[in-house]
Amino acid sequence: MNRRNLLIGIGTAAVGSGAVLGSGALTQVQADRTVEVTTVGDANGLIGLEGDGTYVTNDNTDTLTINIGEALGTNTGGSAEGLNDDATTIIDSVVTITNNSTTDVDIQLNGPSGSTPSDSATIGIGTVGDLDAIVTFELDSAQNPLTGGSGGSSGDSLDLKATVKAGKEVPDSPDTDGNGSLVIVANEN
């Protein structure tokens, strides 16, 4: 056998064995792992949320409930049944947001789905096309981002302000639907 035929034969055998045995690359791996998540109430989470006790309260599951106006009479000891109709009401510090983590975070708000997180979010209350009120939540941006804590202590806090427009104060074409949900977003800074 001549040398050229021998080299071609060895090369063909190497290519053939590579095709039969594979290249060693993985196409799929499946491995089951245990996952545990620890949750705590809003006040003790990585981003602590504490209501003012009048407009925003802590329910029985340690989750904040934003109920602006409806429970005024029972929470304040007065006879109020809600906010003034056809008026704009501004409520400072309805929620205090505290950074309980050690990492600096930037806080943003997000309203109805499709909106972009920012320093404010507008929420519609009622049905689409016939809103009873709109609530604009705004962060105290002078305090944002929030520095993380150290040595077991909490970091910085900031306040959330609510501006409620009811009745005739609701714009004819608001930039919100009747979704009524607010999302507080914390991004590592």
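Right above here is the structure, for reference.
Residues numbered from 1 in each chain as written. Predicted model: local features only at pLDDT ≥ 70, side-chain atom pairs only at ≥ 80, totals over all residues. Heavy atoms only, no water.

Draft legend 1. Highlighting the side chain of Asp42. Checked against the element boundaries, Asp42 lands in the loop between α1 (3–21) and β1 (47–51). Look at Asp42: it is buried, it has no salt bridge, and the nearest opposite charge is Lys161 at 22 Å. One polar contact links the side chain of Asp42 to the main-chain amide nitrogen of Leu64, over a distance of 2.8 Å. Apart from residues no more than four positions distant in its own chain, Asp42 is found in contact with Ile47, Gly48, Leu49, Asp62, Thr63 and Leu64. (Helix = DSSP H or I, 4+ residues; strand = E, 2+ residues; numbered from the N terminus. Buried < 20%, exposed > 50% of the residue type's maximum accessible area, 1.4 Å probe, protein only. Lys, Arg positive; Asp, Glu negative; His and termini not counted. Salt bridge = Lys/Arg side-chain N within 4 Å of Asp/Glu carboxyl O. Polar contact = N/O pair within 3.5 Å; in protein donor to acceptor, adjacent residues only side chain to side chain. Contact = heavy atoms within 4.5 Å.)

Draft legend 2. View of the nonpolar core. Ranked by size, the top nonpolar core spans 24 residues in total, and within it Ile68, Val94, Val95, Ile97, Ile107, Phe137 and Leu139 carry the most contacts. Among the elements of the structure, β4 (88–99), β5 (105–110), β6 (120–127), β7 (130–139) and β8 (157–166) are those that each provide at least two residues to this core. No other element matches β8, which puts five residues into this core. With residues near it in sequence (within four places) discarded, Val94 still touches Glu50, Gly51, Asp52, Tyr55, Val56, Phe137, Leu160 and Ala162. (Core = buried A, V, L, I, M, F, W, Y, C linked by side-chain atoms within 4.5 Å.)

Draft legend 3. Local environment of the sheet that holds β8. Across the sheet, which stays open at both edges, the five strands sit in the order β1-β4-β8-β7-β6 with antiparallel pairing between neighbours. With one partner strand each, in any of the chains shown, β1 and β6 form the two edges of the open sheet. Adjacent strand axes in the sheet meet at a mean angle of 25 degrees when their direction is disregarded. Alignment of β4 against β8, held across eight bridges, turns out to be antiparallel. Across the sheet, Ile91 pairs through a bridge with Ala162, a residue of β8. (Pairing = 2+ DSSP bridges. Axes fitted to C-alpha atoms, helices over the stretch in contact; angles between N-to-C directions.)

Draft legend 4. Molecular detail of unusual backbone geometry. Residues Asn144 and Pro145 are joined by a peptide bond in cis, for which omega reads 10 degrees. Phi is positive for Asp86, close to 55 degrees, though the residue is something other than glycine. Looking at where Asp86 falls in the secondary structure, it is placed in the loop between α2 (72–76) and β4. You can call Asp86 partly exposed: its relative accessible area is 36%. Of note in this structure, Ser93 is not a glycine but carries a positive phi near 55 degrees. Positionally, Ser93 belongs in strand β4.

Draft legend 5. Quick peek at the environment of Ala133. Note on placement: Ala133 falls in strand β7. Its relative accessible area of 11% is what places Ala133 among the buried residues. In this structure the C-alpha to C-alpha distance between Ala133 and Gly167, which are 34 residues apart in sequence, comes to 6.4 Å.

Draft legend 6. The pattern of salt bridges, seen in detail. Evaluation of the coordinates by the stated rule reveals one salt bridge. Notably, a salt bridge pairs Lys161 with Glu138, separated by 3.9 Å at the nearest N-O pair. On the criterion of sequence distance, the pair formed by Lys161 in strand β8 and Glu138 in strand β7 is long-range, its members being 23 residues apart. The class of Glu138 is partly exposed, set by a relative accessible area of 30%.

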